[in-house]
Number of protein chains: 8
Amino acid sequence: TRRGVPEGILAAGKSPSAVATLTQAALETTGHALVTRVSEADVTAVTDEVADGVTVAHDERGRTLVARCRGDERPTVDAEVTIVTGGTADAAVAAEAETVLSVMGVDTTRVDDVGVAHLGRVLDETEELRAADVLVVAAGREGALPTVVAGLVDTPVIGVPVSSGYGHGGDGDAALAGLLQSCTVLSVVNIDAGFVAGAQAGLVARAVSDARHGST
Amino acid sequence: TRRGVPEGILAAGKSPSAVATLTQAALETTGHALVTRVSEADVTAVTDEVADGVTVAHDERGRTLVARCRGDERPTVDAEVTIVTGGTADAAVAAEAETVLSVMGVDTTRVDDVGVAHLGRVLDETEELRAADVLVVAAGREGALPTVVAGLVDTPVIGVPVSSGYGHGGDGDAALAGLLQSCTVLSVVNIDAGFVAGAQAGLVARAVSDARHGST
Amino acid sequence: TRRGVPEGILAAGKSPSAVATLTQAALETTGHALVTRVSEADVTAVTDEVADGVTVAHDERGRTLVARCRGDERPTVDAEVTIVTGGTADAAVAAEAETVLSVMGVDTTRVDDVGVAHLGRVLDETEELRAADVLVVAAGREGALPTVVAGLVDTPVIGVPVSSGYGHGGDGDAALAGLLQSCTVLSVVNIDAGFVAGAQAGLVARAVSDARHGST
Amino acid sequence: TRRGVPEGILAAGKSPSAVATLTQAALETTGHALVTRVSEADVTAVTDEVADGVTVAHDERGRTLVARCRGDERPTVDAEVTIVTGGTADAAVAAEAETVLSVMGVDTTRVDDVGVAHLGRVLDETEELRAADVLVVAAGREGALPTVVAGLVDTPVIGVPVSSGYGHGGDGDAALAGLLQSCTVLSVVNIDAGFVAGAQAGLVARAVSDARHGST
Amino acid sequence: TRRGVPEGILAAGKSPSAVATLTQAALETTGHALVTRVSEADVTAVTDEVADGVTVAHDERGRTLVARCRGDERPTVDAEVTIVTGGTADAAVAAEAETVLSVMGVDTTRVDDVGVAHLGRVLDETEELRAADVLVVAAGREGALPTVVAGLVDTPVIGVPVSSGYGHGGDGDAALAGLLQSCTVLSVVNIDAGFVAGAQAGLVARAVSDARHGST
Amino acid sequence: TRRGVPEGILAAGKSPSAVATLTQAALETTGHALVTRVSEADVTAVTDEVADGVTVAHDERGRTLVARCRGDERPTVDAEVTIVTGGTADAAVAAEAETVLSVMGVDTTRVDDVGVAHLGRVLDETEELRAADVLVVAAGREGALPTVVAGLVDTPVIGVPVSSGYGHGGDGDAALAGLLQSCTVLSVVNIDAGFVAGAQAGLVARAVSDARHGST
Amino acid sequence: TRRGVPEGILAAGKSPSAVATLTQAALETTGHALVTRVSEADVTAVTDEVADGVTVAHDERGRTLVARCRGDERPTVDAEVTIVTGGTADAAVAAEAETVLSVMGVDTTRVDDVGVAHLGRVLDETEELRAADVLVVAAGREGALPTVVAGLVDTPVIGVPVSSGYGHGGDGDAALAGLLQSCTVLSVVNIDAGFVAGAQAGLVARAVSDARHGST
Amino acid sequence: TRRGVPEGILAAGKSPSAVATLTQAALETTGHALVTRVSEADVTAVTDEVADGVTVAHDERGRTLVARCRGDERPTVDAEVTIVTGGTADAAVAAEAETVLSVMGVDTTRVDDVGVAHLGRVLDETEELRAADVLVVAAGREGALPTVVAGLVDTPVIGVPVSSGYGHGGDGDAALAGLLQSCTVLSVVNIDAGFVAGAQAGLVARAVSDARHGST
Ligand SMILES: Nc1ncnc2c1ncn2[C@@H]1O[C@H](COP(=O)(O)O)[C@@H](O)[C@H]1O
Ligand SMILES: Nc1ncnc2c1ncn2[C@@H]1O[C@H](COP(=O)(O)O)[C@@H](O)[C@H]1O
Ligand SMILES: Nc1ncnc2c1ncn2[C@@H]1O[C@H](COP(=O)(O)O)[C@@H](O)[C@H]1O
Ligand SMILES: Nc1ncnc2c1ncn2[C@@H]1O[C@H](COP(=O)(O)O)[C@@H](O)[C@H]1O
Ligand SMILES: [Mg+2]
Ligand SMILES: [Mg+2]
Ligand SMILES: [Mg+2]
Ligand SMILES: [Mg+2]
Ligand SMILES: [Mg+2]
Ligand SMILES: [Mg+2]
Ligand SMILES: [Mg+2]
Ligand SMILES: [Mg+2]
């Protein structure tokens with residue numbers, strides 16, 4: 001694809017055989033395929049479908065699958081994305097972002113368990129957070145973490161609301177609204193959209209990498 | 001009134017003459033009256049209506065009016081409430097809370113301009129925040145401040161969402177949802193409900209004061 | 001934890017093994033653990049994981065689990081919280097609140113089956129309600145009970161909306177909106193958030209207890 | 001009109017001259033006209049338009065206007081409707097209901113200032129409430145009053161949500177949702193729809209009156 | 001119960017054993033019990049629990065159960081309620097209303113399959129509709145049927161929105177909003193609330209019956 | 001423009017001078033201009049701006065303005081659109097639709113004051129309704145009129161929700177949801193979008209006209 | 001049926017035996033039946049119920065069933081509808097539209113996989129799109145495709161929002177709102193309402209066909 | 001400020017004198033001030049307040065004001081941001097973004113009037129769009145433009161929903177939901193938040209500029 005964003009196949013709402021067919025088509029066109037929100041049945045269907053020599057990597061946490069033809073190579077991007085989470089409820093979203101960044105050739109670092117109820121833990125990570133070229137920050141519950149993080153750094157921050165709560169706003173709507181109202185500067189993707197957050201971070205990382213290497 | 005909560009008269013949506021009549025009635029029954037969301041016309045109507053010897057105090061910021069008959073005395077509560085704001089947008093709500101607490105006989109302290117985008121300012125106030133018996137924290141925009149404050153203290157925190165934003169959730173709905181989803185323990189009142197937050201804080205303060213003086 | 005609020009582990013949305021790991025970690029750090037919204041599988045996983053000498057108490061109604069190391073002692077709080085419900089639909093939320101208060105060392109009383117459709121039953125309990133230091137009132141359907149109760153007492157009231165209805169507003173949104181619009185003074189927590197209501201009541205109770213014993 | 005419900009002309013959103021024309025047309029067809037939500041300009045326009053001998057009665061509170069040709073007679077209904085309000089914020093809605101009932105020939109009684117925060121006042125009116133054939137109960141804020149009233153009587157209750165609050169649900173949505181979730185039996189009309197509540201009460205009153213007089 | 005409204009037990013969200021206990025309690029107090037939204041398991045639990053001589057009638061369509069002690073007699077109400085539906089999607093709601101009316105002693109008539117897309121069918125039933133003392137009209141999809149019916153009759157109409165659609169508003173919200181906006185006079189109950197519609201119709205029917213027999 | 005749909009200039013939210021500039025530009029490119037939602041100031045600004053020989057027609061009801069260069073000719077479409085309204089509240093929306101159809105060269109007929117509360121009036125117009133090639137039906141309040149009309153004809157019906165109500169759903173949302181849930185077949189445009197309804201009806205009319213004349 | 005629109009039976013929410021009964025009734029009245037949203041059990045029940053000589057065609061993708069008596073003939077419509085989709089997520093909705101058009105006797109063409117993220121693919125189909133008499137365009141995710149397509153053609157476009165996303169607006173609400181806000185002219189049906197889109201397109205096609213053959 | 005994001009003063013909801021005071025404070029601390037959503041009165045108050053030698057630049061379109069002390073210098077960023085709009089309704093939002101970028105030292109290019117209804121205009125600008133380092137794309141009505149643009153480029157795209165519509169979703173909610181559901185990769189800011197979009201684009205531009213010059 002033009003943008004270097006792997007065109008993810010969203011498995012949710014498709015039959016395993018449809019997923020397998022689309023994966024095979026992507027492999028033939030681009031040499032690799034990224035599938036998100038896979039079920040066990042999708043993984044089996046893809047594994048059965050693909051040709052010999054295709055490797056299939058399945059990440060259970062993030063519910064992603066990456067298939068790659070022998071000889072297909074990941075690009076190399078010289079810029080770093082750090083993914084920040086407040087707790088285990090954000091793990092699946094963070095993993096989805098990590099996978100797409102990995103396919104785009106971007107190295108990622110993780111800063112986990114830095115919920116805003118314990119400011120000390122966030123503050124301790126300030127140097128780590130400042131070292132990144134771009135930050136993806138997952139935002140469960142009230143979605144305050146990206147605001148707090150953005151207040152500590154010079155780096156572009158992309159916030160991802162996470163649907164980890166219950167009651168009023170618990171499906172991610174509180175976090176989404178909070179991110180949109182943030183009193184620091186950041187941009188936002190949809191609820192649970194780890195794929196989009198990762199890909200957007202990857203586009204920024206690649207722009208930085210290209211600038212570093214004088215290619216634009 | 002039974003609860004020691006002054007029965008506030010909500011001027012919004014009432015004519016100045018209706019407000020004056022209700023104020024006069026409260027003065028006759030209880031010796032004082034608290035009116036919220038007053039217009040200039042309400043203040044004039046009340047001032048014209050009340051008997052000689054009644055003092056009328058009008059707070060422009062908080063849009064409150066307190067009328068008091070000569071000789072009517074505020075109760076004395078031996079407990080302290082601290083009111084915390086992130087910026088000038090929260091000033092009116094904080095002032096409304098202050099007025100009701102003053103009528104209930106509770107001393108208040110203010111900690112202002114401690115928005116979450118600048119954690120340093122919040123952290124610098126940690127001792128001040130811990131010194132209070134109850135905290136009222138105003139929450140504009142994404143509503144993260146009460147969560148951050150509650151993470152620093154042992155004290156009950158009452159959050160008030162403020163309608164200071166624009167766009168999606170800017171009418172206070174983002175802040176309200178954020179407070180309800182808070183990952184620290186706090187309780188909440190309605191958007192811009194400085195009166196309710198102040199009065200609830202006053203009820204807790206009085207319970208503490210009574211306990212200090214052995215009266216319950 | 002600093003606030004004496006047990007840091008509850010929300011089991012919903014986590015695998016049993018993740019729940020067991022987090023419980024074990026809490027036991028090692030604090031000597032006890034409180035888990036909410038547990039499934040049978042969570043209880044089994046925790047029971048299997050924890051060391052000998054750890055007691056595991058499971059409350060089916062409230063779907064809570066409390067694990068405690070031998071020798072770990074509950075604090076003692078000298079203040080009383082009364083939990084009020086309108087009907088059996090509120091039982092799970094009330095039980096969740098009770099558990100967190102018990103872990104915080106606060107004694108609780110129950111006043112049940114006092115729905116607003118039968119005012120006599122509420123009025124009969126007036127003395128009982130006035131005896132508490134703090135009230136937690138569950139609010140199913142239209143959420144009128146906390147308003148009615150707060151009108152009878154001098155005590156701080158914390159309302160918890162309950163998702164026990166059907167149709168428009170039946171997921172707890174009618175009750176939440178009703179509590180926020182209450183014409184008596186009270187503060188609110190999220191829909192079905194028995195844990196938060198209990199913990200906030202516990203913070204107030206402890207402030208009262210400390211005042212009684214001169215410790216602040 | 002067939003149902004004996006005066007076909008109200010809703011002035012809001014129409015020009016004064018359009019209102020006058022529609023009023024004149026109603027006078028010609030039925031001998032009388034009921035206009036709701038009138039402005040001063042509407043009243044002037046109607047007064048200027050109507051023929052000699054037409055009386056024009058304008059109720060400022062309820063913003064209604066009733067025009068009646070000389071000789072046109074109100075029907076007589078032998079049943080009583082009581083209109084109940086919690087406070088002055090409900091006055092306009094109650095007045096609109098009263099006007100339509102008056103045009104339908106139904107006598108009305110008022111029970112005012114019986115907010116749920118002061119149960120005593122409601123209970124004191126129990127006999128008065130039980131004396132009615134139908135009750136219209138206005139419901140501002142959290143909308144608890146109709147539920148409480150319905151719990152005290154054998155009579156059909158029609159609840160009208162009133163848009164007298166502010167913040168979340170303050171435009172009448174909290175009261176509407178509360179009425180729909182009521183745990184006693186009642187039926188509901190739209191927010192601020194005093195006209196509809198009055199007319200529906202009038203239809204029930206007429207059915208009762210007809211039964212009393214053996215006419216159906 | 002005072003109002004002659006059988007205090008329905010809402011089985012949804014309660015365990016079968018809780019339902020059986022509440023049913024038994026109602027039988028002991030009042031001689032009969034009405035349970036709504038029952039599952040098969042609820043019916044079995046109740047049947048097992050109740051004493052000999054108690055009859056248990058289960059309506060599958062309306063998901064209701066009526067238990068009655070030997071010798072307990074239904075009241076007799078001399079007034080008729082007609083229940084109107086547009087199609088089979090409204091059958092369960094209509095059946096729930098029928099059951100509560102039957103327990104209240106009110107005779108009911110059914111007018112079915114008169115959807116607004118086929119005006120002829122509605123118009124053909126005009127005489128039948130006019131013969132009732134009160135009408136309960138179920139309103140699926142866009143909720144137009146009660147408006148059309150109310151335009152044809154002199155009778156009080158109670159509309160019940162039904163959650164039979166899909167897409168935007170399909171959960172009953174379109175029908176509820178439509179009923180509240182109706183341009184004829186009617187009152188409304190919550191989505192799928194056949195119980196409430198039936199009980200409110202029953203209260204009106206009883207008022208008419210009492211008037212017929214001079215008892216009030 | 002390609003589609004023969006006049007590219008309307010939406011004046012709302014633009015300054016009068018911006019509106020005049022855009023109108024002038026449209027005149028130069030296409031020989032005519034259609035402006036919707038104009039204020040008096042917009043009309044003055046356009047009249048001042050346009051060259052001699054340009055006629056400016058302003059419709060106050062529909063708040064539209066049509067400017068046309070000397071010699072510019074309307075197309076001729078041989079198909080008829082009938083616009084149906086329930087009452088005067090729908091007049092502005094109907095007028096906006098009429099204007100765009102007139103600019104497209106389509107003749108329109110009006111059927112007014114046929115609200116669903118008075119079925120007789122609708123039924124009386126059945127022949128008139130069947131004579132059209134396409135119907136635009138405005139839908140205020142509960143939005144039932146298009147459903148009733150579509151049930152009487154063989155013709156494509158386009159429904160326009162109108163924001164003429166108050167209370168819950170009164171801003172057009174009840175009518176929009178009702179139209180989307182309609183139990184007869186029709187398609188819908190946005191609330192108050194007379195322009196879009198008229199233009200879509202015009203596209204259908206032109207297709208019919210072309211077919212009549214063998215041009216496609 | 002009068003309009004030549006087959007009166008679809010919506011199987012969702014009905015028991016298989018109810019579906020079979022309604023199908024049999026339609027066969028007896030009209031010679032054919034169209035059932036939408038069928039389950040496997042519905043298909044079996046219908047197949048078992050219908051008389052010999054009735055053919056039953058089941059489309060798995062679109063979840064439709066068409067039953068037809070021997071000798072019953074489809075009408076013939078001389079106009080073409082093209083159905084456009086952006087991806088496989090739109091397939092079920094497109095198939096539902098296709099089935100109803102087939103029953104109405106209208107030939108359909110498909111243009112698939114022309115998502116807006118790849119403008120080239122849409123532009124390549126411009127001639128194909130212009131060849132149709134009416135277009136049905138499915139709109140998943142942000143619902144931009146119908147707007148883009150309508151910008152390329154002279155043809156009436158009917159947009160169908162599809163519920164294929166996740167997160168905020170993912171249930172089809174984003175697509176619906178987008179279609180209603182479209183800056184080109186089009187009309188809309190409810191989310192996932194392939195049946196309605198197809199039937200409305202069929203009504204337009206028949207009008208065109210009739211015009212072609214001079215029949216109106 | 002740390003991030004090089006000028007800390008904008010949001011004038012909306014503040015009095016002119018408060019705005020002037022905050023501006024003066026910012027000038028003293030940082031040598032310059034950026035105020036958004038200014039009224040004429042704000043501009044006058046600031047101009048009167050500031051010291052001699054302070055330049056005040058007011059942009060009427062974007063409603064921004066930039067004050068700068070003599071000698072204060074803008075930073076220089078070696079990266080380009082292109083701002084894209086579909087029509088004049090997006091002009092104010094684009095201007096707000098331009099101002100903040102200008103204060104951050106980033107050069108901006110404008111690509112205007114490329115609405116999605118006219119794909120040709122967008123496609124003609126493809127080279128211009130590809131030349132930017134970051135794109136800010138304003139999205140009125142259905143919000144399709146950023147999706148279409150992102151499909152044409154390799155560059156990070158930041159979408160800003162604009163509140164330029166009317167009816168359902170017209171306050172920017174349709175555009176916001178559309179951007180969040182976009183089927184190409186982009187990130188989003190709140191409705192009308194030109195300031196945030198510009199500042200986030202500025203952070204990315206600076207990261208690219210720093211990379212170009214080897215500074216990180
Ligand atoms: N988890 C995801 N969230 C959002 N977009 C995704 C996701 N996975 C894939 N996509 C995008 O969605 C589109 C695939 O949609 P589809 O054609 O339905 O498979 C592609 O443009 C992907 O880039
Ligand atoms: N289907 C129903 N819809 C609405 N209210 C009901 C229903 N069934 C029973 N009720 C009422 O709900 C209350 C019982 O609630 P509960 O105490 O939860 O069983 C009683 O006041 C009943 O009159
Ligand atoms: N009243 C209206 N409702 C909906 N769309 C309109 C209206 N008037 C003009 N338009 C359309 O809106 C677009 C003009 O938008 P703008 O560029 O903001 O003037 C054109 O595509 C018109 O066809
Ligand atoms: N138009 C705007 N939109 C969003 N945020 C803004 C805007 N203008 C200023 N801000 C930010 O809002 C905060 C200022 O809020 P306040 O303290 O209320 O003046 C600062 O963090 C600014 O960076
Ligand atoms: Mg910052
Ligand atoms: Mg804490
Ligand atoms: Mg009280
Ligand atoms: Mg009762
Ligand atoms: Mg009528
Ligand atoms: Mg039809
Ligand atoms: Mg076009
Ligand atoms: Mg792309």
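J.: What am I meant to see in unusual backbone geometry here?
T.: When glycine is set aside, most residues are seen to have a negative phi, and most peptide bonds are trans. Residue and element names in this part refer to chain C. Positioned with a positive phi, arginine 37 is a non-glycine residue whose angle comes to about 55°. Inspection of the secondary structure puts arginine 37 in the loop between strand S2 (32-36) and helix H2 (40-49). Classification of arginine 37 as buried rests on a relative accessible area of 16%.

J.: I would appreciate a short explanation of the packing of helix H3 (residues 91-104) of chain A against helix H8 (residues 194-212) of chain A in the present structure.
T.: Residue and element names in this part refer to chain A. In contact at an axis separation of 7 Å, H3 and H8 are set at 40° when each is read in the N-to-C sense. When the axes of H3 and H8 are compared, the pair comes out oblique. Between H3 and H8 lies a crossing of right-handed hand. On H8, the residues that touch Val93, Glu96, Ala97, Val100, Leu101 and Met104 of H3 are Gly194, Phe195, Gly198, Ala199, Ala201, Gly202 and Leu203. Of the residues in the contact of H3 with H8, the class split is nine nonpolar, three polar and one charged.

J.: Explain the relation of the copies chain H and chain A here, please?
T.: Overlay of chain H on chain A (RMSD 0.0 Å): rotation 180°, translation along the axis 0.0 Å. Expressed as a symmetry operation, the mapping of one chain copy onto the other fits a two-fold axis. Both copies share a contact surface, since 100% of the interface residues of chain H are interface residues in chain A too.

J.: Just checking my understanding: could you explain the arrangement of the chains for this structure?
T.: At the level of C-alpha atoms, the two units chain B and chain E stay apart, their nearest approach being 20 Å. The two units chain C and chain H are non-contacting; their minimal C-alpha-C-alpha distance is 20 Å.

J.: What am I meant to see in the site of ligand 4 here?
T.: Near ligand 4 there are 13 residues, and of these Cys183 of chain A, Tyr166 of chain B together with Gly8, Lys14 and Thr36 of chain H occur at the shortest range. In this structure ligand 4 sits where residues from chains A, B and H come together. Contacts to ligand 4 include cysteine 183 of chain A, whose backbone N or O atom sits 3.1 Å from an oxygen atom. For ligand 4, an oxygen atom lies 3.3 Å from a polar atom in the backbone of glycine 8 of chain H. For ligand 4, whose accessible area on its own is 500 Å², the fraction buried by protein is 83%. Within the residue set of the shell around ligand 4, elements represented by two or more residues are strand S1 (9-10) and helix H8 (194-212) of chain H. A per-class count over the shell around ligand 4 returns six nonpolar, two polar and five charged. In this structure, the shell around ligand 4 is formed jointly by two domains, domain 1 (9-68) and domain 2 (80-211) of chain H, each of which donates at least three residues.

J.: I tried to follow the interface of chain H and chain A on my own but got confused; where do I start?
T.: Size of an interface, as often reported, equals the accessible area lost when the parts are brought together. Facing 34 residues of chain H, the contacting portion of chain A comprises 34 residues. Together chain H and chain A conceal approximately 2900 Å² of surface at their shared face, both sides included; 52% is due to carbon and sulfur atoms. Taken together, the connections running from chain H to chain A amount to zero salt bridges. Counting the contacts that link chain H with chain A gives ten residue pairs in polar contact (both at pLDDT 80 or more). Elements with a contribution of two residues or more to the side of chain H that touches chain A: strand S8 (157-161), helix H7 (173-180), strand S9 (187-188) and H8 of chain H. Looking at the side of chain H that touches chain A element by element, the count peaks at eleven residues for H8 of chain H. Taken together, the residues of the side of chain H that touches chain A sort by class into 21 nonpolar, seven polar and six charged.

Conventions and cut-offs
- Residues numbered from 1 in each chain as written.
- Chains lettered and ligands numbered in written order.
- Predicted model: local features only at pLDDT ≥ 70, side-chain atom pairs only at ≥ 80, totals over all residues.
- Heavy atoms only, no water.
- Helix = DSSP H or I, 4+ residues; strand = E, 2+ residues; numbered from the N terminus.
- Buried < 20%, exposed > 50% of the residue type's maximum accessible area, 1.4 Å probe, protein only.
- Axes fitted to C-alpha atoms, helices over the stretch in contact; angles between N-to-C directions.
- Parallel < 35°, antiparallel > 145°, perpendicular 65-115°, else oblique.
- Left-handed = near helix turned anticlockwise from the far one by under 90°.
- Contact = heavy atoms within 4.5 Å.
- Nonpolar A, V, L, I, M, F, W, Y, C, P; charged D, E, K, R; others polar.
- Least-squares fit on C-alpha atoms with pLDDT ≥ 70 in both.
- Near = heavy atom within 4 Å.
- Polar contact = N/O pair within 3.5 Å; in protein donor to acceptor, adjacent residues only side chain to side chain.
- Areas by Shrake-Rupley, 256 points an atom, 1.4 Å probe, with all protein chains shown as cover.
- Domains from an automatic or database assignment.
- Buried area = accessible area lost by both parts, 1.4 Å probe.
- Salt bridge = Lys/Arg side-chain N within 4 Å of Asp/Glu carboxyl O.

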